[in-house]
Amino acid sequence: MKRLHIHLRVKDLEQSIKYYTALFGSEPARKEQDYAKWMLDEPSANIAISSRSDETGVDHVGISLENEEQLESTAERLRAIAAPLSIESDATCCYAKSDKYWSHDPQGAVWELFHTFGSSDVFGNDPELVSDVKQDQSPSACCAPAKT
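For the structure given in this document, a descriptive report is provided here. Everything quoted here is computed from the prediction, not taken from an experiment.

1. Things to note about the layout of surface pockets
Sizing a probe to match a water molecule and rolling it over the atoms shows the empty space that remains.
Consideration 1: Volume-wise, the largest pocket comes out at about 190 Å³.
Consideration 2: Every residue lining the largest pocket is counted, 16 residues in all, and those nearest its centre are N46, A96, S98, F114 and T116.

2. Here's the deal with the packing of aromatic side chains
The description of an aromatic ring pair rests on the distance of the ring centres and on the angle between the ring planes.
Consideration 1: In this structure the tally under the stated criterion is five aromatic pairs.
Consideration 2: Here the aromatic rings of Y19 and Y20 are separated by 5.0 Å at their centres, their planes lie at 90°, and the arrangement is edge-to-face.
Consideration 3: Taken together, the aromatic side chains of Y19, Y20, F24 and W38 make up a single cluster linked through ring pairs.

3. Remarks on the pairing of strand 1 (residues 3-9)
Consideration 1: By the criterion of burial, strand 1 is predominantly enclosed, with five of the seven residues buried.
Consideration 2: As paired strands, strand 1 and strand 5 (residues 57-64) are joined by seven bridges and run antiparallel to one another. Residue H5 lies in a different strand from strand 5, and its bridge partner there is G62.
Consideration 3: Bridge count for strand 1 against strand 4 (residues 44-50) is six bridges, and the pairing is parallel. Bridging from a neighbouring strand, L4 pairs with A45 of strand 4.

How each quantity is defined
Residues numbered from 1 in each chain as written. Predicted model: local features only at pLDDT ≥ 70, side-chain atom pairs only at ≥ 80, totals over all residues. Heavy atoms only, no water. 1 Å grid on protein atoms, 1.4 Å probe; cavity = no way out; pocket = protein on both sides within 12 Å on 5 of 7 lines; lining within 4 Å. Points joined across faces, edges and corners; volume = space filled by probe spheres on them. Phe/Tyr/Trp six-rings, centres within 6.5 Å; stacked < 30°, edge-to-face > 60°. Buried < 20%, exposed > 50% of the residue type's maximum accessible area, 1.4 Å probe, protein only. Helix = DSSP H or I, 4+ residues; strand = E, 2+ residues; numbered from the N terminus. Pairing = 2+ DSSP bridges.

Given below as structure tokens:
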């Protein structure tokens, strides 16, 4: 199964949790002091919010993939068109352990492609965003590389 992923930066986590719980009709699947995530079946989506930035709005979008084969197949399709692509193996981010790729579309929208294989007790790496996704370079920060 592929699941659409959207990560939003929010100022007031509790107020946002209240809003999204009402919108989705369900409580978050995971809630931390700075993060919450809903795993929705209809529509099939992984919606995450965090309060780890002074900025608000869409941090990044992505596709949560069921296994490594789906992840690599998606990366291969992007390589075939010479799209910008960075690998981040065995990443700890958003209270999860994942293998992932980062890319951006021709307009600069940041995309995260990932397969999660475990949970983490910590949010992840330095929450500061790095500058840009370049071909064959890994972002060093948890969550999305900064848009240029």
